[in-house]
Amino acid sequence: MSAPSSARAPESLQVYNRGTRGGVYWYRAGRHIRATPAWALGSAVGLLGVDTPLHRGPLLPLTGGIDLSFLLAAAVGGTAYLILTVRDPRPVAVLRALPPAPPAPAAEAPAEVG
């Protein structure tokens, strides 16, 4: 039997689960400011190339009428992200402890029926 996925995950992915701040994915206050416009641009291009019963995007004639919205969004968003992060790709890696969360109330065992 394999170990649970959380036991195999790198430490940097467990910052939130431990209730701390920082790590390689922390960036600025837990947000990656440069990733946001890249995501928005990719999403907008994806919507312009989508083909659904409710909406046909204006980029469909350029793709021969084939819905390539997922690929277009990934390509544009990924390219924008690379362009925006080429000068400063590293996140801020500072660990700070959050105040401890209040303990959860004890759950009562369900009554047996039968």
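Keep in mind that this is a model prediction, so the values were computed, not measured.

Chemist: Help me out: how do you make sense of the overall build of the protein chain in this one?
Modeler: Across its full length, the protein chain carries four helices and two strands. Taken from N to C terminus, the helices and strands of the protein chain fall in the order α-α-β-α-α-β. Each of the 114 residues in the protein chain was classed as buried or not, and the buried ones make up 18%. Once local pairs closer than 6 in sequence are excluded, the contacts in the protein chain between residues at least 24 apart make up 57%. Counting every atom, the protein chain has about 9200 Å² of accessible surface; 66% of that belongs to carbon and sulfur.

Chemist: Could you clarify how one ought to interpret the side chain of Ser69 in this entry?
Modeler: If you trace the backbone, Ser69 turns up in helix H4 (residues 69-85). Judged by its relative accessible area of 13%, Ser69 is buried. Looking at Ser69, its side chain comes within polar contact range of the side chain of Asp67, at 2.7 Å. When near neighbours in sequence (up to four residues on either side) are disregarded, Ser69 contacts Gly46, Gly49 and Val50.

Chemist: Honestly, H4 in this entry has me stumped. Any pointers?
Modeler: Given 3.6 residues per turn, any residue in an α-helix points the same way as the ones three and four places further on. For H4, built from 17 residues, the straight-helix expectation of 24 Å at 1.5 Å per residue is met to within 8% by its first-to-last C-alpha distance of 24 Å. When H4 is considered as a whole, its buried residues turn out to be Ser69, Gly77, Ala80 and Thr85. The buried side chains of H4 occupy one side of the element, clustering within an arc of 115° when seen end-on. Turned more than 90 degrees from where H4 packs its buried face, Leu71, Leu82 and Ile83 sit exposed.

Chemist: Explanation requested: the confidence of the model for the protein chain in the structure shown.
Modeler: Low-confidence regions, as indicated by low pLDDT, have predicted coordinates that should not be scrutinised in detail. In the predicted model, the protein chain carries a mean pLDDT of 77, and the fraction of residues at 70 or more is 65%. Within the model, pLDDT remains below 50 along residues 1-8, and this stretch shows two contacts once partners closer than five positions in the same chain are excluded.

Chemist: I tried to follow helix H3 (residues 35-48) on my own but got confused; where do I start?
Modeler: Compared with an ideal rise of 1.5 Å per residue, which puts 14 residues at 20 Å, H3 spans 20 Å between its outermost C-alpha atoms and is within 8% of the ideal. Taken together, the buried positions of H3 are Ala38, Gly42, Val45 and Gly46. Projected down its long axis, H3 carries its buried residues within an arc of 105°, all on one side. Check the buried side of H3 and you find it contacts H4.

Chemist: Looking at this model, I keep getting lost on the environment of Gly42. Mind explaining?
Modeler: Positionally, Gly42 belongs in helix H3. A C-alpha to C-alpha distance of 8.0 Å links Gly42 and Ala80, two positions 38 residues apart in sequence. Among all residues touching Gly42, those that are not within four sequence positions of it are Ala73, Val76 and Gly77.

Chemist: Is there a simple way to think about the pattern of salt bridges in this case?
Modeler: Side chains that differ in sign of charge can pair as their charged atoms come close. Under the counting rule described, the total for this entry stands at one salt bridge. The partner of Asp51 in a salt bridge is Arg56, with the nearest N and O atoms 3.0 Å apart.

About the thresholds
- Residues numbered from 1 in each chain as written.
- Predicted model: local features only at pLDDT ≥ 70, side-chain atom pairs only at ≥ 80, totals over all residues.
- Heavy atoms only, no water.
- Helix = DSSP H or I, 4+ residues; strand = E, 2+ residues; numbered from the N terminus.
- Buried < 20%, exposed > 50% of the residue type's maximum accessible area, 1.4 Å probe, protein only.
- Contact = heavy atoms within 4.5 Å.
- Areas by Shrake-Rupley, 256 points an atom, 1.4 Å probe, with all protein chains shown as cover.
- Polar contact = N/O pair within 3.5 Å; in protein donor to acceptor, adjacent residues only side chain to side chain.
- Expected span 1.5 Å × (residues − 1).
- Arc of directions from axis to C-beta.
- pLDDT = per-residue confidence, 0-100.
- Salt bridge = Lys/Arg side-chain N within 4 Å of Asp/Glu carboxyl O.

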